[in-house]
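Coordinate analysis (summary)
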Amino acid sequence: MLEIRHLVKSFGPLIAVDDVSFTVPQGEVLGFLGPNGAGKSTTMKMITGFLAPTAGTAIICGYDIATQPIPAKRHIGYLPEGAPAYPDMTPDNFLGFIAHIRGFSGEEARRRISRVVEMIRIAEVMHQPIETLSKGYKRRVGVAQALLHDPDVLILDEPTDGLDPNQKYEMRSVIAAMRPNKAIIISTHLLEEVEAVCSRAIIIAHGRILADGTPAELAQRSRHHNAVRLAIVGGADANVRAELAALPGVAGVDTAGNGLIVFSRGGDPVVGAIADLARERGWTVSGLQVERGRLDDVFREITTPHPIAAAA
Ligand SMILES: Nc1ncnc2c1ncn2[C@@H]1O[C@H](COP(=O)(O)OP(=O)(O)O)[C@@H](O)[C@H]1O
Ligand SMILES: [Mg+2]
């Protein structure tokens, strides 16, 4: 549904987006992850035709955004960075205006507006000027605007920014519910969001793609992948730690909470060897848990120019 081909954007000497290519099929929610200034918003602006690329293009449902912008834009819903809207309009006026420029009128426009108002839960603020709304409601009005024409491709630039935890949860549920029929890109710097709603994540920094995979695949690169949390009744003395550290496949042992965390070398499972050792030595184990891996480790390591070597 969406194909990004070699997008480049320079602002004077700064290369904000540096040869970014990827495709997003129907049914995928792609998390676009990166630190501030990574080039996420600039990439989204080029995909949606808001900004002309220095090079490259985006194809939306078969239409090239550079050469066929009108049909391409018919298939795109876009929540721009900061969810801009006319501050002195009410959401009711604003969505009416958006319906009009999307080509809907009368009963059809009203039906579409009611549908998104219910989906995004903004009924209670429909007649209040947008400038008087909380950041969370403004964001939701922006999302309602993006969904009005039920687009095949949704580009949401930080859709949950400014929402409280309940609103974040609701927004993620709305995104998840739309997933089967659409191709969706959301930008975020919240790793928990990627794990909650994204089927795939692309990590970018300095305008370049540094990693691309499912959240689980990326988490496998974490030093916490297959690490084991272990709690032993009576605590773990230096001897216990030394025996654990000497096991084949163990990269290191650290204190974690009331117990220990045993890191695996290269992410291979070590839980079996740890359980066997505990049984042999007669340790009374009160907790044993295998870690999946942490996206935040991977993110930090990948996006830091000079990564600190993982403690081992
Ligand atoms: N209109 C512009 N003029 C000059 N530099 C810009 C402009 N827009 C963005 N940039 C720069 O491009 C880089 C990428 O910005 P942006 O795409 O907004 O990053 P992100 O959304 O990942 O935080 C940043 O260094 C930013 O300062
Ligand atoms: Mg941004």
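Now for a look at the structure at hand. (Residues numbered from 1 in each chain as written. Chains lettered and ligands numbered in written order. Predicted model: local features only at pLDDT ≥ 70, side-chain atom pairs only at ≥ 80, totals over all residues.)

Helix and strand content of the chain: eleven helices and 14 strands. A principal-axis box enclosing the C-alpha atoms of the chain has dimensions of 80 × 45 × 30 Å. Counting the 312 residues in the chain, one finds 38% classified as buried. For the chain, long-range pairs separated by at least 24 residues make up 69% of all intrachain contacts whose partners lie at least 6 apart in sequence. (Helix = DSSP H or I, 4+ residues; strand = E, 2+ residues; numbered from the N terminus. Buried ≥ 20, exposed ≤ 12 C-beta atoms within 10 Å, placed from the backbone. Contact = placed C-beta atoms within 7 Å.)

To continue, consider the site of ligand 1. In the region of ligand 1, the neighbouring residues are Phe11, Leu14, Ala16, Gly34, Asn36, Gly37, Ala38, Gly39, Lys40, Ser41 and Thr42. Elements with a minimum of two residues in the shell around ligand 1: β2 (14–24) and α1 (40–47). Among the elements that make up the shell around ligand 1, the one with the highest residue count is α1 (three residues). (Near = placed C-beta within 6 Å.)

Okay, the environment of Pro25 next. You can see Pro25 is positioned in the loop between β2 and β3 (29–33). The exposure class of Pro25 is exposed, given the 12 C-beta atoms found within 10 Å. Between the C-alpha atoms of Pro25 and Glu3, which are 22 residues apart in sequence, the distance is 8.6 Å. Every residue in contact with Pro25, bar those within four places of it in the chain, is listed here: Met1 and Ala183.

We now examine the nonpolar core. Ranked by size, the top nonpolar core spans 64 residues in total, and within it Leu30, Ala58, Ala144, Ile155 and Ile184 carry the most contacts. In terms of residue count, the dominant contributor to this core is helix α5 (residues 135–147) (six residues). Excluding residues that lie within four positions of it along the chain, Ile155 makes contacts with Met44, Ile47, Thr48, Ile76, Tyr78 and Ile185. Counting eleven residues, the second-largest nonpolar core is a separate cluster that includes Ala227, Val262, Val270 and Ile274. (Core = buried A, V, L, I, M, F, W, Y, C linked by C-beta atoms within 7 Å.)

Another aspect to go through is the packing of helix α3 (residues 91–101) against helix α4 (residues 106–120). Where α3 contacts α4, the two axes come as close as 10 Å, and the packing angle between them is 125°. On the basis of their axis angle, the class for α3 and α4 is oblique. In this structure, the crossing between α3 and α4 has a hand that is right-handed. Residue-level contacts link Leu95, Gly96 and Ala99 of α3 to Ala109, Arg112 and Ile113 of α4. (Axes fitted to C-alpha atoms, helices over the stretch in contact; angles between N-to-C directions. Parallel < 35°, antiparallel > 145°, perpendicular 65-115°, else oblique. Left-handed = near helix turned anticlockwise from the far one by under 90°.)

Attention now moves to the sheet that holds strand β5 (residues 63–64). Overall, antiparallel pairing links the four strands, which are arranged β2-β1-β4-β5 in an open sheet. This sheet does not close on itself; its edge strands, each paired only once, are β2 and β5. One ladder, built from five bridges, connects strand β1 (residues 2–11) with strand β4 (residues 55–60); its direction is antiparallel. Pairing of Ile4 across the sheet is with Ala58, part of β4. (Pairing = 2+ DSSP bridges.)

Summarising burial for strand β7 (residues 153–157): five of the five residues are buried, a large majority. Burial of β7 is two-sided: the residues Val153, Ile155 and Asp157 facing one way and the residues Leu154 and Leu156 facing the other way are all buried. The sheet contact formed by strand β6 (residues 76–79) and β7 spans four bridges and is parallel. Among the inter-strand pairings, Ile76 is bridged to a residue of β7, identified as Val153. Read as a crossover between parallel neighbours, the route from β7 over helix α6 (residues 165–178) to strand β8 (residues 183–188) is right-handed. (Right-handed = clockwise from strand over helix to strand, strands pointing away.)

Here the focus is the sheet that holds strand β11 (residues 228–232). The strand order β12-β13-β11-β14 describes an open sheet built from four strands, whose pairing is antiparallel. At either end of the open sheet lies a strand with only one pairing partner, and these are β12 (250–256) and β14 (285–290). Sheet twist, expressed as the mean angle between neighbouring strand axes with direction ignored, is 20°. Where β11 meets strand β13 (residues 259–264), three bridges bridge the pair, whose relative direction is antiparallel. When the sheet's bridge partners are listed, Val228 is paired in β13 with Val262.

Between the first and last C-alpha of α5 there are 19 Å, a value that for 13 residues agrees with the 18 Å anticipated at 1.5 Å per step. Of all 13 residues in α5, eleven are buried, a share of seventy percent or more. The set of residues buried in α5 consists of Tyr137, Lys138, Arg139, Arg140, Val141, Gly142, Val143, Ala144, Gln145, Ala146 and Leu147. (Expected span 1.5 Å × (residues − 1).)

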